[in-house]
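Each chain is listed here by its residues.
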Amino acid sequence: MNKKTLITYGTFDLLHTGHLNLLEKLKAMCDTLIVGVSTDEFNALKGKKCIVPYADRARLVKALSVVDYVIPETHWEQKRVDIIKYQASMFAIGNDWAGKFDDLQDIVQVLYLPRTEGISTTEIKDIISKSKDEKILSIRNTLQHALSLLDAVDVK
Ligand code: C2G
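A brief report on the enclosed structure follows. (Residues numbered from 1 in each chain as written. Predicted model: local features only at pLDDT ≥ 70, side-chain atom pairs only at ≥ 80, totals over all residues. Heavy atoms only, no water.)

**Observations regarding the layout of surface pockets**
Alright, step 1. Considered as a void within the structure, the largest pocket measures approximately 650 Å³ in volume.
Alright, step 2. In this structure, the largest pocket is lined by 30 residues; those nearest its centre are Thr11, His19, Lys48, Asp96 and Arg115.
Alright, step 3. Listed by contribution, the elements that provide at least two residues to the lining of the largest pocket are β1 (5-10), α1 (17-28), β4 (90-94) and α5 (121-152).
Alright, step 4. For the lining of the largest pocket, the per-class residue count stands at ten nonpolar, eleven polar and nine charged. (1 Å grid on protein atoms, 1.4 Å probe; cavity = no way out; pocket = protein on both sides within 12 Å on 5 of 7 lines; lining within 4 Å. Points joined across faces, edges and corners; volume = space filled by probe spheres on them. Helix = DSSP H or I, 4+ residues; strand = E, 2+ residues; numbered from the N terminus. Nonpolar A, V, L, I, M, F, W, Y, C, P; charged D, E, K, R; others polar.)

**Details of the pattern of salt bridges**
Alright, step 1. Evaluated as defined, the whole model comprises six salt bridges.
Alright, step 2. Between Glu73 and Lys79 there is a salt bridge, and its shortest N-O distance comes to 3.3 Å. Residue Glu73 shares its accessibility class with Lys79, and that shared class is buried.
Alright, step 3. We note a salt bridge from Asp96 to Arg115, for which the minimum N-O separation is 3.1 Å. Note that Asp96 is positioned in the loop between β4 and β5 (109-113) and Arg115 in the loop between β5 and α5, a separation of 19 residues in sequence.
Alright, step 4. Overall, the relative accessible area of 41% leaves Asp96 in the partly exposed class. (Salt bridge = Lys/Arg side-chain N within 4 Å of Asp/Glu carboxyl O. Buried < 20%, exposed > 50% of the residue type's maximum accessible area, 1.4 Å probe, protein only.)

As structure tokens, this is what we get:
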């Protein structure tokens, strides 16, 4: 029985369970899962600024037991070349991209899978930045309280 290869692409910044859910689903559909991880330069083209540099994002994705190979994603147009080079029979990605890669249907089965709700790299970044703002506010309040105590003390 011929081995089925599936290829997908992504940034995978701050790797989280939304990414893992997708990759686990993809691995369940194939024998070999290839993941194209967007390089930092390509992310700049996508208008994305990553927290985690490419080498670490690729290493983390490769460390997942469901991932067989990781390749760099350096430009939009490489998908067609990769699909032929790796003889992939399926291309899959989250449905936030629904319809965007239908042009590949002449050479591969194109699948869009539901995203995991309630988690995203953006939301994680927002939570971190919010907690940082809260910490700064609490330090400022503490200092203001200390200064008001000092003002209240009669300094002779
Ligand atoms: N994803 C998901 N659920 C989430 C977040 C992400 O299923 N809560 C999926 C996305 O749909 C995508 C993959 O995880 O299939 C990687 O997500 P990103 O790192 O955001 O990838 P993206 O920047 O969309 O890059 O050429 C394609 C692009 O490289 C895709």
